[in-house]
Structure formats: structure tokens, C-alpha cells
Amino acid sequence: MMATQTLEPVSKTPRRPQRIWTEQEYLDLPGGKLVEFDNGHVEVLPMPSEYHQDVAGNIFVALRAFVRSKNYGKVLCAPMPVKVDLLKYREPDVLFKRRQKLSGDPQGTKFWDGADLVVEVVSDGTENRRRDLVIKRRAYALAKISEYWLVDLKKSQVTVLKLRSGKYTVHGTFRGEDLVRSPLFPELVLSVAEILDA
């Protein structure tokens, strides 16, 4: 049985000591909060803005329609934890997994063990930007997630990263009416303008 624990948002202030959580306790948390799990610590993420959700939704809808039309696999949106390392889970805004890697039991699946593509809409604030641009980039590379999209609302751009030899390299940075070029989905037609349209 899970002990009651007050969850606090991740902030710039030093973390107050909290007890160490087990993976099962993390996976059994009730819904309604964006939380990540990092070596026994539960991190409650700040709630995204409406615009953040619009942008993530635009990507989800476009990718899901494309992937379904080709029967490539499954596209989901947060909250769906992705296990990226032993005792480490992240909650990307949008995620894709190839059909052959999917579990046969979607109703019993509480998390994905890895993914093939993850998308993060970069959140405002220095700490949030660092989490998406540096910390999650490292975690997703270690998890061997082959493609990582960073949607930077501040810069109005989408950067597509491709995993090569265990590290991400920039496949392309796209703005305005540019089409986002994805190594996983070369036939995908999706412009930055469509992504950022709210």
C-alpha cells in the first residue's frame, strides 16, 4: 500500500528531503499530475500553459493520423511515462513506438519501456528549459530513443535530433513554413506553422 506523500512542483529552490519512492509506488500514483521519477525521487512538473497544450496537441493529432494511416505503431501524448533507465521515467509531451515493440496488453500497460520518438514542447523558465534541452536530451540518448523533437516556443522553431553513436546530432532546425523533416517519417508533411497554430 502506498504511503500518502505530498507532491511539490520542481523548482529552483533546493529540494526538501523526501522519502525514497519505489518504482511501484510511482506507477501507482493517482492521475491528474505530470510527474517524473528519478532514482527514487518523484518530481512534480509545472502544469503546462494552454498554448503548450495546443502545440503538443497539434503534433499528437498530426503524428497519430500519419502513423495510423501507415500502420507504423502507436502515438500517445502525456501523461504516459517512458522508462529511460533503471529507476528513471520521463513524461514526454508526445511519444511514438513501432508496432513490433508494443505490448499486447494496452489496458495493463502503465509505462513504455523506451520509445522510438519523443517530443518535448520546451517549457518556460530557466530550469524547465534546462530539463528539456539538456537533462532529457541526455536521458533519451542513454535510452536509445532514435529521434527527439524539441519544440521551442520562445524561438518559434522545431529541432529534430537523430541518435548517432549514442549521442544526438541535429538533423535539422525548422521555422515558419518549413516542413519538419523526420528521419523516422520521411513522408510526413507537417510544417512548423501548423505545429505552432493555436
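Treat the numbers as computed from the prediction; the structure is a model and nothing was measured.

**A closer look at the packing of aromatic side chains**
- For the structure shown, the criterion picks out seven aromatic pairs.
- A centroid spacing of 5.9 Å and a plane angle of 65° characterise the contact between Phe-66 and Tyr-72, whose relative ring orientation is edge-to-face.
- Residue classification places Phe-66 among the buried residues on the basis of a relative accessible area of 10%.
- Between Phe-66 and Phe-185 the ring centres are 5.4 Å apart and the planes differ by 70°, which places this aromatic pair in the edge-to-face class. Residue Phe-66 is located in helix α2 (residues 50-70), and its partner Phe-185 is located in the loop between β11 (167-175) and α4 (192-196); the two are separated by 119 residues in the primary sequence.
- Of the aromatic side chains, those joined through ring pairs into one cluster are Phe-66, Tyr-72, Phe-96 and Phe-185.

**Focus on the sheet that holds strand β8 (residues 117-122)**
- If you walk across this open sheet you meet the six strands as β3-β6-β8-β9-β10-β11, and the pairing is mixed. Two strands close off the open sheet at either side, each with one partner strand: β3 (73-77) and β11. Averaged over all adjacent pairs, the angle separating strand axes in this sheet is 15°, with direction ignored.
- Relative to strand β10 (residues 157-164), strand β9 (residues 147-152) runs antiparallel, the two sharing six bridges. Its bridge partner lying in β10, Glu-147 is registered against Lys-162.

Rules used throughout
Residues numbered from 1 in each chain as written. Predicted model: local features only at pLDDT ≥ 70, side-chain atom pairs only at ≥ 80, totals over all residues. Heavy atoms only, no water. Phe/Tyr/Trp six-rings, centres within 6.5 Å; stacked < 30°, edge-to-face > 60°. Buried < 20%, exposed > 50% of the residue type's maximum accessible area, 1.4 Å probe, protein only. Helix = DSSP H or I, 4+ residues; strand = E, 2+ residues; numbered from the N terminus. Pairing = 2+ DSSP bridges. Axes fitted to C-alpha atoms, helices over the stretch in contact; angles between N-to-C directions.

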